[in-house]
Amino acid sequence: MLKAGASKVNITPFLGGPMAGYSARDRGSESIHDELHAKALVLDDGKTGVALITTDLIGIDRELAAHVRRLVEADVGLGPDRVWMTGSHTHFGPAVRTGGTADEHTEPYDRSYADVLAAKLATAVKIAHDRLRPARLGAGSIRAEGISYNRRLIRHDGKVQMSLTLPPPYEGLKFRPMDPEVGVLKVEGEADGDTIASLVNFACHPVSSTDRTYEITADYPGYAMDLIESVEGGTCLFALGCAGNIVPIQRQGRSKRQVGLSLGGCALKALQWIQTTDGHRIRASRKTIELPLRRFPSAARMEQRIADAEAVLNSAMKRKAPSREITVCREALGLARSLPRWAERFGRRRTRPTEIQVFWIGDIPMIGLPGEVFVELGLRVKKALNASPALVVSLSNDSAGYIPVRRAYREGGYESNVSPFAPGCGEHLVREALDLAESIR
């Protein structure tokens, strides 16, 4: 018999602490728009128990994930393969990296907050585990159109023009794919039918508060979860899909409310029609894999590339070149400046370890991928699994950075220029994830 329990704990940080998401910030948080939470869902089929923890954080790094798993195993006996953590990727929460894998776009780890955070994530699982009761579960999907898009627009020359809001900066740009599917999980008590938990899986960057960058907020996922909890009861979790290149149509003013309520409304519609059953067998596994890193030239060659890129940009600006040309020059300079930092951080290694994780809840697959995964890769996983829905969750157990598709390196653009991974990293990740999913299917 399936049992389920859920919980919600407050993880709002103190004001003045470092924030994550935008490197241009020069001070700590100044205000709180809405509180941040961690939520846990524990499922047990009588033989296998699993825990999913979702957080209103930019991500969960590997060191924090390992710490929380140790605490959870000590508290409730669930081993590392059975505990899965993810962040919503709000860009308006605290910095929580432990160092070692951090990149230049992320502030240092703040120990005074993070130690409490780890204990709170483990506490969320303990509370949910203590609340286990007979349950029924089901899943469905619906489309949320018109609230997100792929920010990597393509010019006539085949190169990327980044467009951070709509409408596009000029005509003649081609839109890349997106994923409007909203995957929804419903868990209810067997005896009373009351909602224990729901889960919403959607691919879109939570970056809807760029006019208030020093304000703490869960962004649009917070609005979506609050709406669902107010109507359905129980605990609503948000799991980010493959949104590495997907953003909301607007980023300021009321946009987080508009996107969040639109998403929550779609999910509520889907929840009304999901049929639940109690006969779900749980399978779970995770695997450490190696993602290929970029090849790093010699130190002298890297310095020369920076000098050359600076000269090209200065020349373009001096002759007042078109804005598109200047954008390309700036991207080339950004990549050149990133190479020495990556080479130092990774010690000229050829690969970086990370992990993938898979839960099967009956015939419902949940695929956990590390980092900011491009939407095209998530769509490939969904198509190959041929399940409705397939819940593909990025930023799972590791904030590895951007994981683009191969062609993104030829097209240019922000994500491929700031990713330390080599072309083909995303395709390798998909193969490994599908192999793991099939091995326990």
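Preceding this paragraph is the structure being described.
Residues numbered from 1 in each chain as written. Predicted model: local features only at pLDDT ≥ 70, side-chain atom pairs only at ≥ 80, totals over all residues. Heavy atoms only, no water.

Novice: Where do I start with unusual backbone geometry in this structure?
Specialist: Across residues other than glycine, the phi torsion is negative in most instances, and most of the peptide bonds are trans. Residue Pro-167 is reached from Leu-166 by a cis peptide bond, and omega for that bond is 5°. Of note, Pro-167 is situated in the loop between strand 11 (160–162) and strand 12 (181–189). Here Ser-388 and Pro-389 are connected by a cis peptide whose omega angle stands at -5°. Mapping Pro-389 onto the fold places it in the loop between helix 7 (375–385) and strand 21 (391–393). A positive phi is found at Asp-219, a non-glycine position, where the angle reads about 60°. Among the secondary structure elements, Asp-219 is positioned in helix 3 (residues 219–232). (Helix = DSSP H or I, 4+ residues; strand = E, 2+ residues; numbered from the N terminus.)

Novice: Mind showing me how you'd approach the sheet that holds strand 17 (residues 282–292) here?
Specialist: Strand pairing in a sheet is mediated by backbone hydrogen bonds. Such pairs are either parallel or antiparallel. Taken in spatial order, the four strands line up as 17-18-19-21 in an open sheet, and their pairing is mixed. Of all strands in the sheet, those with a lone pairing partner are strand 17 and strand 21, marking the two edges. Direction aside, neighbouring strands of the sheet carry axes that sit 15° apart on average. Summarising the sheet, strand 17 and strand 18 (residues 351–361) pair through 11 bridges and their orientation is antiparallel. (Pairing = 2+ DSSP bridges. Axes fitted to C-alpha atoms, helices over the stretch in contact; angles between N-to-C directions.)

Novice: Looking at this structure, how should I read helix 4 (residues 255–271)?
Specialist: Structural remark: α-helix, 3.6 residues per turn; residues separated by three or four positions point the same way. Across its 17 residues, helix 4 extends 24 Å between first and last C-alpha, which sits within 8% of the 24 Å expected from 1.5 Å per residue. By the burial criterion, the buried members of helix 4 are Ser-255, Lys-256, Val-259, Gly-260, Leu-263, Gly-264, Cys-266, Ala-267, Leu-268, Ala-270 and Leu-271. (Expected span 1.5 Å × (residues − 1). Buried < 20%, exposed > 50% of the residue type's maximum accessible area, 1.4 Å probe, protein only.)

Novice: Sorry, what's going on with the packing of aromatic side chains here?
Specialist: Taken as a whole and judged by the stated rule, the model has five aromatic pairs. Between Tyr-149 and Phe-175, the aromatic rings sit 6.4 Å apart at their centres with planes inclined by 70°, giving edge-to-face as the arrangement. Residue Tyr-149 is located in strand 9 (residues 148–150), and its partner Phe-175 is located in the loop between strand 11 and strand 12; the two are separated by 26 residues in the primary sequence. For the ring pair Tyr-220 and Phe-238, a centre distance of 5.9 Å and an interplane angle of 85° mean the geometry is edge-to-face. Linking Tyr-220 in helix 3 with Phe-238 in strand 15 (residues 235–240), this pair joins segments that are 18 residues apart in sequence. For Phe-238, a relative accessible area of 2% translates into the label buried. In this structure, Arg-27 is placed above the aromatic ring of Tyr-214, and the distance from its NZ or CZ to the ring centre is 3.8 Å. (Phe/Tyr/Trp six-rings, centres within 6.5 Å; stacked < 30°, edge-to-face > 60°. Lys NZ or Arg CZ within 6 Å of the ring centre and 35° of its normal.)

Novice: Explain the pattern of salt bridges here, please?
Specialist: Note that side chains of opposite charge can pair when their charged atoms are close. Tallying each qualifying case throughout the model produces 27 salt bridges. The partner of Arg-176 in a salt bridge is Glu-411, and the shortest N-O contact between them spans 2.2 Å. Taken as a pair, Arg-176 in the loop between strand 11 and strand 12 and Glu-411 in helix 8 (residues 407–411) lie far apart in primary sequence, 235 residues in all. Residue classification places Arg-176 among the partly exposed positions, given a relative accessible area of 23%. The class for Glu-411 is buried, based on a relative accessible area of 7%. Where salt bridges share partners, they join Arg-151, Arg-152, Arg-176, Glu-376, Arg-407, Glu-411 and Glu-415 into one cluster. (Salt bridge = Lys/Arg side-chain N within 4 Å of Asp/Glu carboxyl O.)

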